[in-house]
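Chain residues, written in single-letter form:
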Amino acid sequence: MNDDVRNIVLGLVATAVSGGFGWFTRTYLWRRALRRKQAFFGLPAGADCLFVVNRKPDADAWSVHRNDAFALLETSALIKDCGATLQLVSHDGVRQGIGERSEFCVGGPSSNTRTVAHLASMLPGVRVGAFDGPAPDRLAIQVGGESYPWQKGRVEHVLLARLMTGPGTRPVFLISGQTAVSNQAGARYLARNHRELARKYRRESFCLVLKVVNSDAYGPDVTELVADVTAAARTPAAAAG
């Protein structure tokens, strides 16, 4: 074997080793990211989860706002990535506890009775103004001595929470917005920021207030984190006062 042939062979071997190492590294990093996502959402491969659908609060018949349907699409992509399956259930048709499987619950208490139950049992420090209440309390989210009002088309808020009932249990993700647009914004924020949320909170519960800016112009796209209200939200309002 002359020097030219040897150099060619060595070059091919080096290329193969480098390519194999790169493939192994990419696969390892992808699998590690997937495991972290599955752990954060409580969705190992093959698991099933619950998606609780709300209804339009001003509708006579049962119907879902299109932005709430978009929130479902945002969430279902996350579930599919984890290799899990989704069961769609109406908010007034759920008759089961929490913690056995992951749950995504979308909509404020005016449109989702499951949200009412979650707020009462796991976030007792949160109060939400009625859909037909007077301004400025209408749909306002009150927690920790602060009020987050609703200004139609200008400023909307959404409560995004990951709720754990104990070690080894599956989480409940609550997306309780003042409008359907803010529900979609909350789902989109979760989809875009779940890595950062997982690094910060790991397996712990959290409750965040997000602000949707100028939804008339930007829809659900411009969303800002306003406050981490985890401690206040989990403290009964009377005790906090």
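Use the structure listed above.
Reference entry: report on the structure contained in this document. (Residues numbered from 1 in each chain as written. Predicted model: local features only at pLDDT ≥ 70, side-chain atom pairs only at ≥ 80, totals over all residues. Heavy atoms only, no water.)

### Some thoughts on the overall build of the protein
Across its full length, the protein holds seven helices and ten strands. Going through the 241 residues of the protein one by one, you find that 44% of them count as buried. When contacts within the protein are restricted to residue pairs at least 6 apart in sequence, those whose partners lie at least 24 apart make up 65%. Counting only carbon and sulfur atoms, one obtains 55% of the accessible surface of the protein, whose full area is about 12,800 Å². (Helix = DSSP H or I, 4+ residues; strand = E, 2+ residues; numbered from the N terminus. Buried < 20%, exposed > 50% of the residue type's maximum accessible area, 1.4 Å probe, protein only. Contact = heavy atoms within 4.5 Å. Areas by Shrake-Rupley, 256 points an atom, 1.4 Å probe, with all protein chains shown as cover.)

### Details of the packing of helix α2 (residues 66-81) against helix α4 (residues 180-201)
Their axes nearest at 7 Å, the elements α2 and α4 cross at an angle of 15°. The angle between α2 and α4 places the two elements in the roughly parallel class. The element α2 and its partner α4 pack so that their crossing is left-handed. Residues Asn 67, Asp 68, Phe 70, Ala 71, Glu 74, Thr 75 and Leu 78 of α2 pack against Ala 180, Val 181, Asn 183, Gln 184, Ala 187, Arg 188, Leu 190, Ala 191 and His 194 of α4. Among the residues making up the contact of α2 with α4, the classes are represented as eight nonpolar, five polar and three charged. (Axes fitted to C-alpha atoms, helices over the stretch in contact; angles between N-to-C directions. Parallel < 35°, antiparallel > 145°, perpendicular 65-115°, else oblique. Left-handed = near helix turned anticlockwise from the far one by under 90°. Nonpolar A, V, L, I, M, F, W, Y, C, P; charged D, E, K, R; others polar.)

### Some details on the sheet that holds strand β5 (residues 141-143)
Read across the sheet, three strands follow the order β4-β5-β6 without closing on themselves; strand pairing throughout is antiparallel. Each of the sheet's edge strands pairs with one partner strand only, and the pair in question is β4 (127-128) and β6 (146-148). Note: β5 against β6, three bridges, orientation antiparallel. If you follow Ile 141 over to β6, its bridge partner there is Tyr 148. (Pairing = 2+ DSSP bridges.)

### Side note on the packing of aromatic side chains
How two aromatic rings sit relative to each other is set out by the distance from centre to centre and by the angle between their planes. Per the counting criterion, the structure on display carries seven aromatic pairs. Consider the rings of Phe 40 and Phe 206, whose centres lie 6.4 Å apart with planes at 10°: the pair is stacked. Here Phe 40, found in helix α1 (residues 3-41), pairs with Phe 206, found in strand β9 (residues 206-213); they are 166 residues apart in sequence, far enough to count as distant. For Phe 40, a relative accessible area of 2% translates into the label buried. Three or more aromatic residues link up through ring pairs in this structure, and these residues are Phe 40, Phe 41, Phe 104, Phe 173, Tyr 201 and Phe 206. Its end group placed over the ring of Phe 131, Arg 138 keeps NZ or CZ at 4.8 Å from the ring centre. (Phe/Tyr/Trp six-rings, centres within 6.5 Å; stacked < 30°, edge-to-face > 60°. Lys NZ or Arg CZ within 6 Å of the ring centre and 35° of its normal.)

### Remarks on α4
Residues that lie three or four places apart on an α-helix share one face, since the helix turns once every 3.6 residues. Over its 22 residues, α4 extends only 27 Å from the first C-alpha to the last, a length that falls short of the 32 Å expected when each residue adds 1.5 Å. When the local axis directions of α4 are compared, the greatest deviation, roughly 70°, occurs at Asn 193. Most of α4 is tucked away, with 16 of its 22 residues classed as buried. Arg 202, located one to two residues past α4, shows a positive phi value of around 50°. (Expected span 1.5 Å × (residues − 1). Bend = angle between axes of the 7 residues up to and from the residue.)

### Concerning the nonpolar core
Counting 28 residues, the largest nonpolar core has Phe 40, Phe 41, Leu 43, Phe 104 and Leu 190 as the members making the most contacts within it. Counting only elements with at least two residues in this core, the list comes to α1, β1 (48-53), α2, β3 (103-106), β7 (155-163), β8 (172-177), α4 and β9. In terms of residue count, the dominant contributor to this core is α4 (seven residues). With near-sequence residues (within four places) excluded, Phe 40 lies in contact with Arg 162, Pro 171, Phe 173, Leu 190, His 194, Leu 197, Ala 198, Arg 202 and Phe 206. With 22 residues, the next largest nonpolar core counts Leu 50, Leu 119, Leu 174 and Ala 233 among its residues. (Core = buried A, V, L, I, M, F, W, Y, C linked by side-chain atoms within 4.5 Å.)

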